[in-house]
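Residue-level listing of the chains:
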Amino acid sequence: MTLPQIVSREEWRAAREELLLKEKAATRARDALNAERRGLPMVGIDKEYVFEGGDGKATLLDLFRGRHQLVVYHFMFAPEWDAGCRSCSAFLDQIGHLAHLRARGTEFAAVSRAPYTKILPFKARMGWTVPWYSSYDSDFNHDFQVSFMGDDEGGGEPCERPGVSCFLRDREQVFHTYSTYERGLDGLGSTTSFLDLTALGRQEEWEEPKGRASALGAPAGSERIRYHDEYED
């Protein structure tokens with residue numbers, strides 16, 4: 001194994017300062033990319049999807065639990081499998097406390113094609129508390145391109161892939177704003193990383209486009225941070 005070069009503290013500090021310039025440039029580029037993502041158009045969802053969760057049958061609107069935004073993690077768990085995907089399980093293990101996401105009017109849920117009778121015991125085994133729904137007998141996974149035939153031409157073997165899709169609601173109307181898959185999931189898991197994928201973003205005053213920080217009628221993002229047991233839902 002090749003280890004980093006050993007240098008003096010002064011040499012390390014100089015190298016670190018040089019790298020810091022590149023890191024700051026990457027941060028500015030990421031902020032610009034996030035703003036461009038928030039500028040994407042959105043598509044109205046007219047199809048009536050039916051899911052099954054802990055409270056029984058649910059619509060896509062129900063998955064919002066009254067909040068303005070919804071982040072869905074497409075968890076690979078096919079109906080014929082006995083357990084969920086190992087990589088998807090590792091992803092879900094790193095999800096933080098949802099109170100901070102919900103404080104910004106954003107709900108999180110996992111969705112899989114497996115029937116809920118398979119999801120429930122696996123969820124209990126993993127010790128997860130995040131909302132998880134079955135899209136069994138629904139076109140949801142196919143419509144959002146996470147379940148498909150292997151050759152994309154209607155033949156081959158059924159395939160699954162992980163992904164994240166973001167939705168925004170205006171009263172009773174639901175809109176699809178963004179989706180990303182596979183390597184697009186790298187680095188996700190924190191509250192801010194999910195918010196950066198959404199149409200309303202982190203709801204900070206410095207974000208573009210202007211006006212979305214106050215869209216939920218609450219203080220700007222960082223000003224509303226609390227201990228997770230102090231939020232008023």
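Quick caveat: nothing in here was measured; it's all calculated off a predicted structure.

A. Main features of the overall build of the chain. A tally of regular secondary structure across the chain gives six helices and ten strands. Overall, the C-alpha framework of the chain stretches about 60 × 50 × 40 Å when taken along its three principal axes. In the chain, 60% of the contacts between residues at least 6 apart in sequence involve partners at least 24 apart. Accessible surface computed for the chain: about 13600 Å², of which carbon and sulfur atoms make up 51%. The average position of the 29 basic charges and that of the 38 acidic charges among the side chains of the chain differ by 5 Å.

B. Structural context of the nonpolar core. Residues Tyr73, Phe75 and Phe108 are the most contacted members of the largest nonpolar core, which totals 29 residues. If you list the elements that add at least two residues to this core, you get strand E4 (69-74), helix H2 (86-93), strand E5 (106-112), helix H4 (116-126), strand E9 (163-170) and helix H6 (191-195). What Phe108 contacts, discounting residues up to four positions off in sequence, is Val71, Tyr73, Leu92, Ile95, Leu98, Leu101, Val130, Pro131 and Phe194. By size, the runner-up hydrophobic cluster in this structure holds 16 residues, among which are Tyr49, Phe51, Leu63 and Tyr133.

C. Spatial organisation of unusual backbone geometry. With omega at -5°, the peptide bond leading from Glu208 into Pro209 counts as cis. The residue Pro209 is located in the segment after H6 in this model. At Gln145, a residue that is not glycine, the phi angle is positive and equals roughly 60°. According to the relative accessible area criterion, Gln145 is partly exposed, its value standing at 46%. Its identity as a non-glycine residue notwithstanding, Gln203 has a phi of 60°, on the positive side.

D. Examining the pattern of salt bridges more closely. This model, assessed by the stated rule, comprises eleven salt bridges. Where Arg16 meets Glu23, a salt bridge forms, and the shortest distance between an N and an O atom there is 2.9 Å. A relative accessible area of 29% places Arg16 in the partly exposed class. For Glu23, a relative accessible area of 34% translates into the label partly exposed. Where salt bridges share partners, they join Lys47, Asp139 and Asp143 into one cluster.

E. Quick look at the pairing of E9. Burial analysis of E9 places seven of its eight residues in the buried class, the great majority of the element. As defined by bridge partners, E4 adjoins E9 across six bridges and the pair is classed as antiparallel. Among the inter-strand pairings, His74 is bridged to a residue of E9, identified as Gly163.

Cut-off values and rules
Residues numbered from 1 in each chain as written. Predicted model: local features only at pLDDT ≥ 70, side-chain atom pairs only at ≥ 80, totals over all residues. Heavy atoms only, no water. Helix = DSSP H or I, 4+ residues; strand = E, 2+ residues; numbered from the N terminus. Contact = heavy atoms within 4.5 Å. Areas by Shrake-Rupley, 256 points an atom, 1.4 Å probe, with all protein chains shown as cover. Lys, Arg positive; Asp, Glu negative; His and termini not counted. Charge placed at Lys NZ, Arg CZ, Asp CG, Glu CD. Core = buried A, V, L, I, M, F, W, Y, C linked by side-chain atoms within 4.5 Å. Buried < 20%, exposed > 50% of the residue type's maximum accessible area, 1.4 Å probe, protein only. Salt bridge = Lys/Arg side-chain N within 4 Å of Asp/Glu carboxyl O. Pairing = 2+ DSSP bridges.

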